[in-house]
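Close look at the chain arrangement
Letter by letter, the chains look like this.
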Amino acid sequence: MPRKDRRPRLATRLVRGGQTRSQHKETAEAIFMTSGFVYDSAAEADARFAGASPGYLYGRYANPTVRMFEERLMALEGPIPGHDGAEECLAVGSGMAAVNAALLANLKAGDRVIGARAMFASCLWILDTLLPRLGVDVVLVDGEDLDQWRDAAKPGVALALLESPSNPMLGAVDIKAVADIIHSAGGKLIVDNVFASPLLQKPFALGADIVVYSATKHMDGQGRTLAGAILASKELIDGGVREFLRHTGPAISPFNAWVLVKGLETIALRVERQCANAARIADALAGHVKIERLFYPSRADHPHHALHARQMSAGGTMIAFDVAGGGAGAWRFLDALELIDISNNLGDAKSLATHPATTTHRRLTDEARARIGVQEGSVRLSVGLEDADDLIEDLILALDSV
Ligand SMILES: *Cc1c(COP(=O)(O)O)cnc(C)c1O
């Protein structure tokens with residue numbers, strides 16, 4: 001293959017993808033901390049606004065540093081051989097801004113939206129509170145039950161939203177099967193791919209139309225910024241998402257985009273190590289007398305193990321488990337941790353543990369929580385980059401104190 005046609009491999013794309021150098025030829029990517037741009041003449045401004053001359057217009061629309069982040073993420077997400085993959089990416093100020101735009105840019109009153117009920121709490125608020133208020137007909141289904149998806153899609157559907165692995169209990173949804181159901185009913189599928197990260201699961205290859213991320217999680221990976229991204233075909237982005245973002249304004253700061261450009265340089269190494277740590281920890285904790293159930297996607301005892309194995313290239317950086325003694329047991333365990341922090345963030349270099357029933361999922365009724373498998377004793381663990389032996393010691397000592 002001629003040298004210029006060769007596609008660099010993943011590790012190279014993560015370090016080099018999207019970089020544009022200024023006239024100063026800096027080594028690291030530059031931070032263009034500017035809200036606006038100037039034009040050499042009135043005619044040039046006219047041509048730029050008309051789209052006849054390339055160039056930036058205003059920070060709410062686009063920015064060179066933000067563009068480097070978007071292009072680097074596109075280089076990670078796609079294209080996938082035999083498939084278009086990610087043709088376009090737009091970065092926004094948070095993961096929720098990405099989910100919101102992916103939904104609202106593509107909906108009108110009277111449309112139907114189907115969502116898998118085990119989802120991030122704020123995504124669920126958009127579906128069960130905001131969209132119905134706007135006249136959108138929302139149906140929630142148990143994500144693993146394909147019959148429920150089929151029934152909900154019968155009258156036709158505009159959009160579907162799912163997470164796999166789901167938050168917090170790491171259930172799997174069959175992305176390809178759901179994509180087929182939604183497509184035959186005339187709709188588009190949005191996958192929130194945060195828990196898997198763009199390294200481990202490729203939703204476009206499984207039929208997703210739009211992939212959304214909270215870049216706050218593994219892409220930053222060091223707890224510094226809030227950010228989000230929407231990836232889709234050029235047709236979908238230019239058919240409404242870009243316009244929606246331009247005029248509603250959930251823009252990302254160029255500084256935060258720069259943090260993420262640098263974050264993507266190391267994401268493959270970090271996620272690989274975090275997965276290795278998580279797999280060791282899951283094996284060390286499973287069977288502990290103070291743990292009633294443990295969910296880790298690549299363990300053979302995970303109820304959706306086969307599906308996760310088909311969709312994900314590794315077990316991921318998250319573990320969920322039920323501590324003996326219910327809510328009191330879980331709190332005693334969390335309070336006894338000395339190394340691992342209590343926090344609701346995830347994907348971080350620091351290992352973080354959370355009690356979903358009283359934090360991330362407290363808005364849900366007891367019944368709604370039970371339906372997605374969250375018990376009073378459930379704990380969600382985001383595994384970081386510390387030494388796995390130190391993490392295991394901390395976890396076992398805390399469990400022993402329950
Ligand atoms: C964190 C998260 C979000 C929201 O992202 P923010 O950056 O916090 O706005 C959405 N979906 C999932 C699965 C998440 O983990």
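What counts and what doesn't
Residues numbered from 1 in each chain as written. Predicted model: local features only at pLDDT ≥ 70, side-chain atom pairs only at ≥ 80, totals over all residues. Heavy atoms only, no water. Helix = DSSP H or I, 4+ residues; strand = E, 2+ residues; numbered from the N terminus. Buried < 20%, exposed > 50% of the residue type's maximum accessible area, 1.4 Å probe, protein only. Contact = heavy atoms within 4.5 Å. Areas by Shrake-Rupley, 256 points an atom, 1.4 Å probe, with all protein chains shown as cover. Lys, Arg positive; Asp, Glu negative; His and termini not counted. Charge placed at Lys NZ, Arg CZ, Asp CG, Glu CD. Arc of directions from axis to C-beta. Pairing = 2+ DSSP bridges. Right-handed = clockwise from strand over helix to strand, strands pointing away. Domains from an automatic or database assignment. Buried area = accessible area lost by both parts, 1.4 Å probe. Axes fitted to C-alpha atoms, helices over the stretch in contact; angles between N-to-C directions. Core = buried A, V, L, I, M, F, W, Y, C linked by side-chain atoms within 4.5 Å. Near = heavy atom within 4 Å. Polar contact = N/O pair within 3.5 Å; in protein donor to acceptor, adjacent residues only side chain to side chain. 1 Å grid on protein atoms, 1.4 Å probe; cavity = no way out; pocket = protein on both sides within 12 Å on 5 of 7 lines; lining within 4 Å. Sits in = over half its atoms within 2 Å of the grid points. Nonpolar A, V, L, I, M, F, W, Y, C, P; charged D, E, K, R; others polar.

Some remarks on the overall build of the protein
Helix and strand counts for the protein come out as 14 helices and 12 strands. Overall size of the protein, expressed as C-alpha extent along the three principal axes, is 75 × 50 × 40 Å. In the protein, which comprises 402 residues, the proportion classed as buried is 54%. Counting contacts in the protein only where the partners sit at least 6 residues apart, residues at least 24 apart contribute 72% of the total. As displayed, the protein has an accessible area near 17,400 Å², and 53% of this comes from carbon and sulfur atoms. Between the averaged position of the 42 positive side-chain charges in the protein and that of its 49 negative side-chain charges there is a distance of 5 Å.

A word on helix α12 (residues 326–336)
Turning to α12, its buried residues are Gly 329, Ala 330, Phe 333 and Leu 334. When α12 is viewed along its axis, its buried side chains cluster within an angular range of 130° and face the same direction. α12 presents Ala 328, Arg 332 and Asp 335 as exposed residues on the side facing more than 90 degrees away from its buried surface. Each element contacted by the buried residues of α12 is listed here: β9 (318–323), β10 (341–342), β11 (352–354), β12 (378–382) and α14 (388–400).

Focus on the pairing of strand β2 (residues 112–116)
Most of β2 is tucked away, with 5 of its 5 residues classed as buried. Burial along β2 is two-sided: the residues Arg 112, Ile 114 and Ala 116 and Val 113 and Gly 115 are all buried. Where β2 lies against strand β3 (residues 137–141), 5 bridges are found, and the strand directions are parallel. Bridged to Ala 116 within β3 is Val 141. In the classification by handedness, the crossover that spans β2, the intervening helix α5 (residues 121–133) and the parallel β3 is right-handed. In the sheet, β2 pairs with strand β4 (residues 159–163) via 3 bridges, with the strands oriented parallel. Across the sheet, residue Ile 114 finds its bridge partner in β4, namely Ala 160.

Looking at the domain arrangement of the protein
Splitting the protein by domain gives domain 1 (10–262) and domain 2 (268–400). The straight-line distance from the C-alpha centre of domain 1 to that of domain 2 is 27 Å. At the boundary of domain 1 with domain 2, total buried surface from both sides reaches about 3,000 Å², with 61% on carbon and sulfur atoms. Among the residues domain 1 hides against domain 2, the three largest losses belong to Met 169, Leu 170 and Leu 200. Together they make up 25% of the total.

Digging into the sheet that holds β10
The sheet built from 5 strands is open, its strands ordered β8-β9-β12-β11-β10 with mixed pairing. Only two strands of the sheet have a single partner each, and these edge strands are β8 (291–295) and β10. With 4 bridges connecting them, β8 and β9 associate as antiparallel partners. Each residue of the ladder has a partner; that of Ile 291, found in β9, is Val 323. Helix-sheet contacts for α12 involve β9, β10, β11 and β12, and the interaxial angle to β9 is about 125°.

Examining the nonpolar core
Formed by 47 residues in total, the largest nonpolar core has its most connected members in Phe 69, Leu 73, Ile 114, Trp 149, Leu 162 and Met 219. Broken down by element, the residue count for this core peaks at 7 residues, all from helix α10 (residues 254–285). Counting 44 residues, the second largest nonpolar core, distinct from the first, contains Met 119, Val 136, Phe 195 and Ala 357.

Things to note about the sheet that holds strand β6 (residues 210–214)
What the 7 strands build is an open sheet, ordered β1-β7-β6-β5-β4-β2-β3; its pairing is mixed. The sheet is open, and its two borders are formed by β1 (88–92) and β3, each paired with just one other strand. Neighbour-to-neighbour, the strand axes of this sheet turn through a mean angle of 20°, independent of strand direction. Across the face of the sheet, α5 comes into contact with β2, β3, β4 and β5 (188–192) while running at roughly 145° to β3.

Looking at the site of the ligand
What surrounds the ligand is a group of 13 residues, the closest being Gly 95, Asp 192, Ser 214, Thr 216 and Lys 217. Interatomic distance of 2.9 Å between a backbone N/O atom of Met 96 and an oxygen atom of the ligand. In the environment of the ligand, an oxygen atom lies 2.6 Å from a nitrogen or oxygen atom belonging to the side chain of Thr 216. For the ligand, whose free accessible area comes to 380 Å², the fraction covered by protein is 93%. With respect to the pocket detection grid, the ligand is positioned in the second largest pocket. A class-by-class count of the residues in the shell around the ligand yields 6 nonpolar, 4 polar and 3 charged.

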